Amino acid sequence: MDFSPGISYFLGQLGRAFLDPGSHASLLSLAAALFIALAVVAARRYRRGRRVRLRSLLRALFPAHIVSSKSTLTDLGYFYFNVFLFGIVFGWALLSYELVSHGTAALLKSTLGGSHPTMLPPLVARSIITIMLFLAYELGYWLNHYLSHRIPFLWEFHKVHHSATVLTPLTNFRVHPVYMCIFLNILAVFIGTANGVGDYIFGQATHQYVLSENNIILVFFIYLYVHLQHTQLWISFTGWLGHLFMSPAHHQIHHSRNPAHFNKNLGSCLALWDWLFGTLYVPAAAPEKLEFGVEPDRPHAHTVRGEFLAPFGRAAAVLCKLIERRPPPVSLPAAEHERA
Ligand SMILES: [Zn+2]
Ligand SMILES: [Zn+2]
């Protein structure tokens, strides 16, 4: 039996995940997050007059109870699934963003008439579309996240992410494939539409700036603080910064078990859409005491059965309840039947 295609697929995915500098899990971006985290902890220790030693910094950042937690092991399992298997299992269910983009541009052309190629320098046109697509990504992310919290059927799948009882950068990958599938389709609609509008405005295909096929602004935020959102290191943006950007503390608040924090801070890199739609909670400068995890003591927590299979059953139960609650169909009086 020839295993070489499987092995080369595995190695290709591994390379794309860790070595592409623009990927969500690139080693370079993880190193940047580690460097920032070390600098923050070292500066805080120094200000408090404590000795700054690499060993104690690493111990503060990687406490044993987090590294060896069952929750972290589940994060690792989901990381493996989402990097290596998601495309194989669910790739067929994803809408093509190019299709949406071409459709949008064609629709605009047929309703508003043709457009002329822009006179703007390519640098300006490409910068504008890069910003447009980043904002569209953030809006799509916010909407999908909002629906996942507000619609009970979808919440059963998103709950998997919130059942993490400790936060590590791996928690970012702890997302159920059904959530991921809906998210990627919503993204295709938002990014495809924005790209189609851009192509129409500029009168030609205009390409965003990318690094490893990812929007360069998104990559910038991945390096700056996206990994730190799933850590227990309190770095908060307050004031106007806290209204625009989703600091690590913003997202830690999102994971909090305190009811005052439920359904808040649904954005990815930006707090902007949360601010506009009334779901923003700006964290305090001083650390707030937070506990993480939905129903942490339920049976089969952090197992394949509890975090992968059970959401299907619970979502089906939500649907069944909905169907049972529907009023019975009104039957027409006999005379109506005769007339029909
Ligand atoms: Zn959430
Ligand atoms: Zn999260």
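So, here's what we can say about the structure.

Parameters at a glance
Residues numbered from 1 in each chain as written. Chains lettered and ligands numbered in written order. Predicted model: local features only at pLDDT ≥ 70, side-chain atom pairs only at ≥ 80, totals over all residues. Heavy atoms only, no water. Core = buried A, V, L, I, M, F, W, Y, C linked by side-chain atoms within 4.5 Å. Buried < 20%, exposed > 50% of the residue type's maximum accessible area, 1.4 Å probe, protein only. Helix = DSSP H or I, 4+ residues; strand = E, 2+ residues; numbered from the N terminus. Contact = heavy atoms within 4.5 Å. Donors = N, O, S within 2.8 Å, 3.2 Å for Na, K, Ca; no water. Tetrahedral: all angles 85-135°; square planar, octahedral: opposite > 155°, others 65-115°. Phe/Tyr/Trp six-rings, centres within 6.5 Å; stacked < 30°, edge-to-face > 60°.

1. Section: the nonpolar core
Then step 1. Of all hydrophobic cores here, the largest spans 37 residues; its most connected members are Tyr137, Phe221 and Cys269.
Then step 2. Of all the secondary structure elements, the ones that give two or more residues to this core are helix 2 (27–47), helix 5 (70–90), helix 7 (122–150), helix 9 (177–202) and helix 10 (216–229).
Then step 3. For this core, the element with the most residues is helix 9, which contributes 8 residues.
Then step 4. In this structure, Cys269 is in contact with Phe134, Glu138, Leu218, Phe221, Tyr225, Val226, Phe245 and Met246, ignoring residues within four places of it in sequence.

2. What to know about the coordination of the zinc ion (ligand 1)
Then step 1. Bound to the zinc ion (ligand 1) are the protein donor atoms His145 (NE2), His149 (NE2), His158 (NE2), His162 (NE2) and His254 (NE2), situated 2.1 to 2.2 Å from the metal.
Then step 2. Donor residues binding the zinc ion (ligand 1) come from one chain and are separated in sequence as H-x3-H-x8-H-x3-H-x91-H. Residue His149 is found in helix 7, and its partner His254 is found in helix 12 (residues 248–254); the two are separated by 105 residues along the sequence. Both residues of the pair, His149 and His254, count as buried.

3. Topic: the coordination of the zinc ion (ligand 2)
Then step 1. Here the zinc ion (ligand 2) is held by the protein donor atoms His161 (NE2), His230 (NE2), His251 (NE2) and His255 (NE2), which lie 2.0 to 2.1 Å from it.
Then step 2. One can describe the donor arrangement at the zinc ion (ligand 2) as irregular, given that its 4 donor atoms subtend angles of 93 to 152° at the metal.
Then step 3. Spacing between the donor residues of the zinc ion (ligand 2) along the chain follows H-x68-H-x20-H-x3-H. Taken together, the positions of His230 in the loop between helix 10 and helix 11 (239–244) and His251 in helix 12 put the pair 21 residues apart, joining distant regions of the chain. Of the two residues examined, His230 and His251, each falls in the buried class.

4. Points about the packing of aromatic side chains
Then step 1. In the structure shown here, the tally under the stated rule is 20 aromatic pairs.
Then step 2. Geometrically, the ring pair formed by Tyr179 and Phe183 is stacked, given 6.3 Å between the ring centres and 20° between the ring planes. Separated by 4 residues within a single helix, Tyr179 and Phe183 lie in helix 9, roughly one turn from each other.
Then step 3. A relative accessible area of 8% places Tyr179 in the buried class.
Then step 4. With relative accessibility at 9%, the residue Phe183 sits in the buried group.
Then step 5. Members of the aromatic cluster, connected to one another through ring pairs, are Phe134, Phe220, Phe221, Tyr225, Phe237 and Phe245.

5. Looking at unusual backbone geometry
Most of the time, phi is negative for any residue but glycine, and the peptide bond is trans.
Then step 1. Backbone geometry places Glu213, a non-glycine residue, at a positive phi of 70°.
Then step 2. Relative to the helices and strands, Glu213 is located in the loop between strand 1 (210–211) and strand 2 (214–215).
Then step 3. By relative accessible area, Glu213 is classed as exposed at 75%.
Then step 4. Of note in this structure, Asn263 is not a glycine but carries a positive phi near 60°.
Then step 5. Its location among the elements puts Asn263 in the loop between helix 12 and helix 13 (272–277).

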